[in-house]
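Spelled out, the chains give:
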Amino acid sequence: MIARRALLRWQLIAVPVLPLWLMVGFGVFGGPGGFFLLFLGAGVLFLFLATLAGLTRLRPAVRSTGAVGWWDVVATAAFHLAVIGLGFFGATGVVFGIAAVVLGLATFWLTVWQLMREWRERVSGAMAQASSGYGTPQSRRPPPEDLGVIIVHETGH
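All of these numbers come straight from a predicted model, not from anything done at the bench. Counting from 1, residues in each chain are numbered in the order their sequence is written. In keeping with the model being predicted, local features are shown solely for residues with a pLDDT of at least 70 and side-chain atom pairs are shown and tallied solely at 80 or more, while totals for entire chains, interfaces and linings include all residues. Where side-chain values are given, they derive from all heavy atoms of the structure, hydrogens and water being excluded.

Q: Quick rundown of the overall build of the protein? Include the residues and the values.
A: Per the convention used, a helix needs a DSSP run of H or I reaching at least four residues, while a strand needs a run of E reaching at least two, with both numbered from the N terminus. Within the protein, the secondary structure is distributed over 6 helices and 0 strands. Scanning the protein from its N terminus toward the C terminus, one meets helices and strands in the order α-α-α-α-α-α. Pairs of residues are marked as contacts when any of their non-hydrogen atoms sit within 4.5 Å. Contacts in the protein between residues far apart in sequence, at least 24 positions, make up 75% of those at least 6 positions apart. With an accessible surface of roughly 10500 Å², the protein has 73% of that area assigned to carbon and sulfur atoms. Surface accessibility in these figures is a Shrake-Rupley result with a 1.4 Å probe; residues are shielded only by whichever protein chains are displayed.

This is how it looks when you write it as structure tokens:
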């Protein structure tokens with residue numbers, strides 16, 4: 001549980017840290033290409049990481065437990081490690097770049113899938129609870145004459 005809670009906190013920390021790491025790594029280790037493309041890529045990574053963190057926190061199970069699931073731990077850790085490896089700009093930079101893109105997309109779709117699954121379970125549970133013991137939704141509505149509406153008819157002077 002500690003690792004899963006730590007990863008939930010790390011997701012917010014990683015939003016500015018990982019793009020900054022790419023720029024620092026470019027300055028320290030040097031890299032192919034121009035700084036402008038790296039700056040643009042770091043901005044895209046920042047938005048992507050923020051989106052992933054937000055989608056993760058939207059999940060009811062994450063909010064209730066304060067921790068992510070084990071699939072989140074594996075996917076997010078692999079994605080973040082690929083981004084960290086990319087920041088060294090070594091001979092394997094292309095491999096880490098491709099791995100970061102593939103793992104990032106996989107993490108995104110895993111997060112969306114889990115969010116939709118949890119929302120669907122929550123809605124179907126609420127619908128089942130609403131329909132059990134209370135009768136049909138029509139039987140719970142008061143008849144129109146019992147709404148407490150006062151109708152005033154004015155006559156002209």
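On we go from here.
Q: Kindly report on the pattern of salt bridges, identifying the contributing residues and their values.
A: Counted as salt bridges are all cases of a side-chain nitrogen of Lys or Arg within 4 Å of a carboxyl oxygen of Asp or Glu. Within the structure shown, the criterion is met by 3 salt bridges. Here Arg59 and Glu118 are joined by a salt bridge, their closest N and O atoms 3.1 Å apart. Taken together, the residues span a long stretch of sequence, with Arg59 in the loop between helix H2 (35-58) and helix H3 (60-65) and Glu118 in helix H5 (residues 93-131) at a distance of 59 residues. Residues Arg117 and Glu121 are paired through a salt bridge, measuring 3.6 Å at the closest nitrogen-oxygen approach. Of this pair, Arg117 and Glu121 are both found in helix H5, 4 residues apart, which corresponds to roughly one turn of the helix. Take Arg117: its relative accessible area is 26%, and that puts it in the partly exposed class. Linked by salt bridges that have partners in common, Arg59, Asp72 and Glu118 make up one network. Only protein chains enter the calculation, and the probe is 1.4 Å; a residue is then buried if its accessible area is under 20% of its type maximum, exposed if over 50%, and partly exposed in between.

Q: Give me the nonpolar core: which residues, what numbers.
A: By size, the foremost hydrophobic cluster in this structure holds 14 residues, and its most contacted members are Leu18, Leu22, Leu38, Leu45, Leu49, Phe79 and Val83. The set of elements that each furnish at least two residues to this core consists of helix H1 (2-29), H2 and helix H4 (70-86). In terms of residue count, the dominant contributor to this core is H1 (5 residues). For Leu49, the residues in contact, after removing those within four places along its chain, are Ala14, Val15, Leu18, Pro19, Phe79 and His80. Buried residues of nine kinds, namely Ala, Val, Leu, Ile, Met, Phe, Trp, Tyr and Cys, make up a nonpolar core once their side-chain atoms join them within 4.5 Å. If you look at the next biggest cluster of nonpolar residues, it comprises 5 residues, including Leu7, Leu8, Val68 and Val73.

Q: Could you give me a rundown of H4, with the residues and numbers involved?
A: A helix's residues, less one, multiplied by 1.5 Å, set its expected span. Helix length check: H4, at 17 residues, gives a terminal C-alpha distance of 24 Å against a target of 24 Å (1.5 Å per residue), a fit within 8%. All of the buried residues in H4 are Asp72, Val73, Ala75, Thr76, Phe79, His80, Ala82, Val83 and Gly85. Elements in contact with the buried residues of H4: H1, H2 and H5.

Q: How would you summarise unusual backbone geometry if you had to cite specific residues and measurements?
A: The residue Phe89 is not glycine, and still its phi comes out positive at about 50°. By the element assignment, Phe89 lies in the loop between H4 and H5. Note on Phe89: relative accessible area 18%, which makes it buried.

Q: With reference to specific residues and values, describe the environment of Ala106.
A: Looking at the secondary structure, you find Ala106 in helix H5. As for Ala106 and Thr76, which are separated by 30 residues in sequence, their C-alpha atoms are 9.4 Å apart.

Q: Can you tell me about the packing of H2 against H5, naming the residues and giving the values?
A: At their nearest, the axes of H2 and H5 sit 9 Å apart, and the two run at 25° to each other. What the angle tells us is that H2 and H5 run roughly parallel. Between H2 and H5 the crossing geometry is left-handed. Contact residues: Phe48, Thr51, Leu52, Leu55, Thr56 and Leu58 in H2; Gly104, Leu105, Thr107, Phe108, Thr111, Val112, Leu115 and Trp119 in H5. Taken together, the residues that form the contact of H2 with H5 break down as 9 nonpolar, 5 polar and no charged. Helix axes are fitted only over the stretch in contact, all axes being lines through C-alpha atoms; the angle between N-to-C directions runs from 0 to 180 degrees. Working rule for angles: under 35 degrees goes down as roughly parallel, over 145 as roughly antiparallel, 65 to 115 as roughly perpendicular, anything else as oblique. Crossings are classed by handedness, with left-handed meaning an anticlockwise turn of the near helix from the far one by less than a right angle and right-handed meaning a clockwise turn. Each residue receives one of three labels: charged for Asp, Glu, Lys and Arg, nonpolar for Ala, Val, Leu, Ile, Met, Phe, Trp, Tyr, Cys and Pro, and polar for the others, Gly being one of them.

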